[in-house]
Amino acid sequence: MNPANQDNASQTDVDARIAEIDRIGREIARMHANDVDEKSRFPIEAITALKAAGIFSAPIPAEYGGVGADPIELARGCAALGQHCSATAAVVAMHHTQILSAVHHAKNSPQLQDYLRRAAKENRLIASVTSEVGPGGDMRSNSCAVEIDGDSYTLTKKATTVSYGNYADDLMITARKNSEAASGDQVLVIAEKGQFELQDQGAWDTLGMRGTCSPPATVVANGAAWQVMTTPFADIATYTMVPTSHIFWSAWWFGLASDAVNKARELFRAKGRSNPGTTPMGAHRVADLSAELQKMEYEVFGLAREYAEALAADDSQKLASLAFSLRINTLKLNSSRAVVAIVSEALSVCGIQAYKNNGPFSLGRHLRDAHSSVMMIHNDRIQLTNAALLLVHKGN
Amino acid sequence: MTIEIIARVKTVLKTQAELNQDVNGLDIDADLFAAGMSSRATVGVMLGLESEFDLEFPDSMLRRDVFESIRAIGNAISSLQT
């Protein structure tokens, strides 16, 4: 596992990269967000612009040709995009988690390091295939298995959802490590474009997050044996996939919630200007919204910092501890509840202006997108896990 | 680590670990996770061991590698009993 590479990351460079992500979000992602939502289509304009700006290689260390952005910077990028278009932010958040899963566990594989060099150079976009018909959303269980024959592997997986699979360069797929292996004895497989076939098994027509284009699909992949990562998936999940996904998702939800609060503030500023000297009815609730948003921000970036520091110190003991698992799981529970609560309250306080689908203060898309947060690894599953962990964990 | 500890560890694994094979057929160094023990089942194993041996694992020992084999578990329990 490589510590976070912060060597070249002067704060000015970081701020410039975040400003560029925010610009793409504001000028491109936001402009197409309603169309993406309405047509349930991929946010191709924003993703193309982010790719051209090198955002997908940002998590890759400089030694492989990337930027080596740490998890705090990556979370800031997700938050910036979350203000403008949830689908775009979700794609970037998921990609970052996938590429870091390779970055953190490439130490003993020269071929995987070569892959990272290619991924950095070409800004390859990676999608994940973790859910499966049967085990469902239980990421730590598979029924499909990799078959290795000499120097090559084959794998067929029936996934319940594959987000932006048809737009990704590469896929990262979980599977049992062989046909004899237990359901929890998993590996992570990197399938490159041209090495996999994705057969959609249904439509993606959902309440929100319509632009992620995540239908059920069957994946048939084959390639070289090195593409089956040697680090057990249990470790990749613990050290990388679970913490980064919860941090980056929470950052995106923070961005989404901020945009809802910003709309409420803008509306109330206008009300304030139209009747100076009188605080508009409902304005105290806008103040409460700002307070809730501040709590969310501190929790998201607090955990991002904690994770970045543990990575930089190569503190695997901390990352593998139940205490840290509990905190990361709790971040996901808290931020998914917060985004739903904040967007709902903003809708209520803005009234008809937000309830309308066709105005500048419309919050319908925000509300529909926010509700997906509960089921991206369902909160019921995470609560059950935390409840079990708390039976054996003694400290705070 | 005594034979008695190993036998009692196996009793707990038999009821809690949800292994896909008979625990008595397992080598004491065999990977329990490879033998089917899930992360979720690990919590049951931890609680079962705390009950069986009347002890509490400190948080620093609640790690995957401490529970990865019969030997690792036995060593952990021995270290808490001395």
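Since we're looking at a predicted model, the values are computed, not measured.

## Quick look at the overall build of chain B
So, point 1. Assigned secondary structure in chain B consists of three helices and zero strands.
So, point 2. The order of α-helices and β-strands along chain B, N terminus first, is α-α-α.
So, point 3. By the compact-globule yardstick of 12 Å for 82 residues, chain B fits well, its C-alpha radius of gyration being 11 Å.
So, point 4. Across its three principal directions, the C-alpha atoms of chain B cover 30 × 25 × 20 Å.
So, point 5. For chain B, the residues scored as buried account for 30% of the 82 residues in total.
So, point 6. If you take every contact in chain B between residues at least 6 apart in sequence, the share linking residues at least 24 apart comes to 60%.

## Things to note about the overall build of chain A
So, point 1. Along chain A, the regular secondary structure elements total twelve helices and seven strands.
So, point 2. Projected onto its principal axes, the C-alpha positions of chain A cover 80 × 45 × 40 Å.
So, point 3. Here chain A, with 396 residues, has 52% of them falling under the buried criterion.

## Thoughts on helix 3 (residues 70-81) of chain B
Residue and element names in this part refer to chain B.
So, point 1. Along its twelve residues, helix 3 runs 16 Å from first to last C-alpha, staying within 8% of the 16 Å computed at 1.5 Å per residue.
So, point 2. For helix 3, every residue scored as buried is listed here: Ile70, Ala72, Ile73, Ala76 and Ile77.
So, point 3. The secondary structure elements touched by the buried residues of helix 3 are helix 1 (3-16) and helix 2 (39-53).

## Observations regarding the sheet that holds strand 3 (residues 152-159) of chain A
Residue and element names in this part refer to chain A.
So, point 1. Overall, antiparallel pairing links the four strands, which are arranged 2-3-7-6 in an open sheet. Each end of this open sheet is capped by a strand with a single partner; those strands are strand 2 (147-149) and strand 6 (196-200). Adjacent strand axes in the sheet meet at a mean angle of 10°, parallel and antiparallel pairs treated alike.
So, point 2. Pairing geometry for strand 2 and strand 3, over three bridges, is antiparallel. If you follow Glu147 over to strand 3, its bridge partner there is Thr154.

## Description of the pairing of strand 5 (residues 186-192) of chain A
All names here are of chain A.
So, point 1. Strand 5 sits mainly inside the fold: six of its seven residues count as buried.
So, point 2. Judged from the seven bridges that link them, strand 4 (residues 170-176) and strand 5 form a sheet pairing that is antiparallel. Pairing of Asp170 across the sheet is with Glu192, part of strand 5.

## Structural notes on the nonpolar core
So, point 1. Grouped together as the largest cluster of nonpolar side chains are 124 residues, with contacts concentrated most on A:Ala75, A:Cys78, A:Val189, A:Trp252, A:Ala257, A:Val343 and A:Ala346.
So, point 2. Considering each element in turn, this core owes the most residues, 20 residues, to helix 6 (residues 233-274) of chain A.
So, point 3. Setting aside its immediate chain neighbours within four residues, A:Val343 contacts A:Leu256, A:Ala257, A:Ala260, A:Leu363, A:His366, A:Leu367 and A:Ala370.
So, point 4. By size, the runner-up hydrophobic cluster in this structure holds 24 residues, among which are A:Ala182, B:Ala41, B:Leu49 and B:Ile77.

## With respect to the pairing of strand 7 (residues 217-224) of chain A
Residues and elements named next belong to chain A.
So, point 1. Bridge count between strand 3 and strand 7: eight bridges; the pairing is antiparallel. Within strand 7, the position partnered with Lys158 by the bridge is Thr218.
So, point 2. Two strands pair when backbone bridges link them, and strand 6 and strand 7 are joined in this way by five bridges, in the antiparallel orientation. Looking across to strand 7, one finds that Glu197 is bridged to Val220.

## Quick notes on the sheet that holds strand 1 (residues 126-129) of chain A
Residue and element names in this part refer to chain A.
So, point 1. Pairing is mixed across the open sheet formed by three strands, whose spatial order is 1-4-5. The open sheet has two edge strands, strand 1 and strand 5, and neither has a second partner. Put simply, the sheet's adjacent strands are angled 25° from each other on average, direction ignored.
So, point 2. Helix 4 (residues 86-103) contacts strand 1, strand 4 and strand 5 of the sheet and is inclined by roughly 85° relative to strand 1.

## Quick look at the packing of helix 6 of chain A against helix 9 (residues 322-350) of chain A
Residue and element names in this part refer to chain A.
So, point 1. Contact geometry of helix 6 with helix 9 gives a least axis separation of 9 Å together with a crossing angle of 15°. Here helix 9 runs roughly parallel to helix 6, going by the angle between their axes. Considering how the two elements wind past one another, helix 6 and helix 9 form a crossing that is left-handed.

## So, the environment of A:Ala62
Residue and element names in this part refer to chain A.
So, point 1. Its location among the elements puts Ala62 in the loop between helix 2 (44-52) and helix 3 (71-82).
So, point 2. What makes Ala62 partly exposed here is the crowd of 13 C-beta atoms within 10 Å.
So, point 3. C-alpha separation for the pair Ala62 and Pro243, spaced 181 residues apart in sequence, amounts to 22 Å.

## Observations concerning the packing of helix 6 of chain A against helix 7 (residues 283-312) of chain A
Packed helices, taken two at a time, are described by the angle their axes make and the gap between the axes.
Residues and elements named next belong to chain A.
So, point 1. Put simply, helix 6 and helix 7 touch, their axes get as near as 9 Å, and they point 160° apart. Considering their axes alone, helix 6 and helix 7 lie roughly antiparallel with respect to each other. Crossing handedness for the pair helix 6 and helix 7: left-handed. Residue-level contacts link Pro243, Ile247, Ser250, Ala251, Phe254, Ala257, Ser258, Val261, Ala264, Arg265 and Phe268 of helix 6 to Ala283, Val286, Leu289, Ser290, Leu293, Met296, Glu297, Val300, Leu303, Ala304 and Tyr307 of helix 7.
So, point 2. Grouping the constituent residues of the contact of helix 6 with helix 7 by class yields 17 nonpolar, three polar and two charged.

## So, the domain arrangement of chain A
By a widespread convention, an interface's size corresponds to the accessible area lost as its parts come together.
Residue and element names in this part refer to chain A.
So, point 1. We note that the domain assignment places domain 1 (11-125), domain 2 (127-227) and domain 3 (233-392) within chain A.
So, point 2. Distance from the C-alpha centre of domain 1 to the C-alpha centre of domain 2: 21 Å.
So, point 3. Between domain 1 and domain 2, the contact holds 20 residues from the first and 19 residues from the second.
So, point 4. Put simply, the parts of the chain that give the side of domain 1 that touches domain 2 at least two residues each are helix 1 (11-39), helix 4 and helix 5 (110-122).
So, point 5. Considering every element that reaches the side of domain 1 that touches domain 2, the biggest residue donor is helix 4, with eight residues.
So, point 6. Residues that form the side of domain 1 that touches domain 2 fall into these classes: eleven nonpolar, six polar and three charged.

## Focus: unusual backbone geometry
Residues and elements named next belong to chain A.
So, point 1. Positive phi, normally seen in glycine, also occurs at Asn123, with a value near 50°.
So, point 2. Its place among the elements puts Asn123 in the loop between helix 5 and strand 1.
So, point 3. Positive phi, close to 50°, is recorded for Cys213, a residue that is not glycine.
So, point 4. Within the secondary structure, Cys213 is located in the loop between strand 6 and strand 7.
So, point 5. The exposure class of Cys213 is buried, given the 24 C-beta atoms found within 10 Å.

Rules behind the numbers
Residues numbered from 1 in each chain as written. Chains lettered and ligands numbered in written order. Predicted model: local features only at pLDDT ≥ 70, side-chain atom pairs only at ≥ 80, totals over all residues. Helix = DSSP H or I, 4+ residues; strand = E, 2+ residues; numbered from the N terminus. Rg over C-alpha atoms; globule rule 2.2 N^0.38 Å. Buried ≥ 20, exposed ≤ 12 C-beta atoms within 10 Å, placed from the backbone. Contact = placed C-beta atoms within 7 Å. Expected span 1.5 Å × (residues − 1). Pairing = 2+ DSSP bridges. Axes fitted to C-alpha atoms, helices over the stretch in contact; angles between N-to-C directions. Core = buried A, V, L, I, M, F, W, Y, C linked by C-beta atoms within 7 Å. Parallel < 35°, antiparallel > 145°, perpendicular 65-115°, else oblique. Left-handed = near helix turned anticlockwise from the far one by under 90°. Nonpolar A, V, L, I, M, F, W, Y, C, P; charged D, E, K, R; others polar. Domains from an automatic or database assignment.

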